[in-house]
Amino acid sequence: MFQVGDLIRQKSNGTLWIVFKVEECETAPKGYTVTVRYANWMHYGRGGSRIDYPDYYTLIQRAGRRHFG
């Protein structure tokens, strides 16, 4: 199950997203949906978020595992 802050890649086109919210959903294939935000949302013109099924994404990195600097 994805967690808030996870970096994920969209399987269809390779776009990177950050998990913004996780919600239970009985009708979803895995029992939950994710709200994702475009990974480059701070760059002008690249904002956006969507609610989607996690089946369309692959985990790249867990939220607590990122290194900065």
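Above this text sits the structure in question.
These numbers were taken from a predicted model, which means no experiment stands behind them.

Some points on the overall build of the chain
For the chain, the count of helices and strands is zero helices and five strands. Its helices and strands in sequence order give the chain the pattern β-β-β-β-β, from N to C terminus. Here the chain holds 69 residues, and 26% of them are scored as buried. A separation threshold of at least 6 residues defines the contact pool for the chain, and within that pool the share at least 24 residues apart is 39%. Within the structure as shown, the chain displays about 5,000 Å² of accessible surface, and the carbon and sulfur contribution to it stands at 50%.

Some thoughts on the sheet that holds strand β5 (residues 57-61)
Spatially, the five strands line up as an open sheet ordered β4-β3-β2-β1-β5, and their pairing is antiparallel. For this open sheet the edge positions go to β4 (49-52) and β5, each flanked by a neighbour on one side alone. Adjacent strand axes in the sheet meet at a mean angle of 40 degrees when their direction is disregarded. With seven bridges joining them, strand β2 (residues 16-24) and strand β3 (residues 32-38) adopt antiparallel strand pairing. Across the sheet, residue Ile 18 finds its bridge partner in β3, namely Arg 37.

Remarks on the packing of aromatic side chains
For the coordinates displayed, the defined rule picks out two aromatic pairs. With centroids separated by 5.7 Å and ring planes inclined at 75 degrees, the aromatic side chains of Trp 17 and Tyr 38 adopt a geometry described as edge-to-face. Of this pair, Trp 17 sits in strand β2 while Tyr 38 sits in strand β3, and the two are 21 residues apart along the sequence. Judged by relative accessible area, Trp 17 falls into the buried class, the value being 6%. Between Tyr 53 and Tyr 56, the ring centres sit 6.3 Å apart and the planes meet at 40 degrees, which makes this aromatic pair tilted. For Tyr 56, a relative accessible area of 45% puts it in the partly exposed group. Over the aromatic face of Phe 20 sits the side chain of Arg 37, whose NZ or CZ is 4.1 Å from the ring centroid.

Description of the nonpolar core
Among the nonpolar cores identified, the biggest contains eight residues, and these are Phe 2, Ile 8, Trp 17, Val 19, Tyr 32, Val 34, Val 36 and Tyr 57. Taken together, the elements giving at least two residues each to this core come down to β2 and β3. With three residues, the single largest contributor to this core is β3. Those residues in contact with Trp 17 that sit more than four places away from it in its chain are Asp 6, Leu 7, Ile 8, Gln 10, Val 36, Arg 37, Tyr 38, Ala 39, Gly 48, Arg 50 and Tyr 57.

Cut-offs and rules
- Residues numbered from 1 in each chain as written.
- Predicted model: local features only at pLDDT ≥ 70, side-chain atom pairs only at ≥ 80, totals over all residues.
- Heavy atoms only, no water.
- Helix = DSSP H or I, 4+ residues; strand = E, 2+ residues; numbered from the N terminus.
- Buried < 20%, exposed > 50% of the residue type's maximum accessible area, 1.4 Å probe, protein only.
- Contact = heavy atoms within 4.5 Å.
- Areas by Shrake-Rupley, 256 points an atom, 1.4 Å probe, with all protein chains shown as cover.
- Pairing = 2+ DSSP bridges.
- Axes fitted to C-alpha atoms, helices over the stretch in contact; angles between N-to-C directions.
- Phe/Tyr/Trp six-rings, centres within 6.5 Å; stacked < 30°, edge-to-face > 60°.
- Lys NZ or Arg CZ within 6 Å of the ring centre and 35° of its normal.
- Core = buried A, V, L, I, M, F, W, Y, C linked by side-chain atoms within 4.5 Å.

Everything listed here is a matter of coordinates, which is why it stays silent on function.
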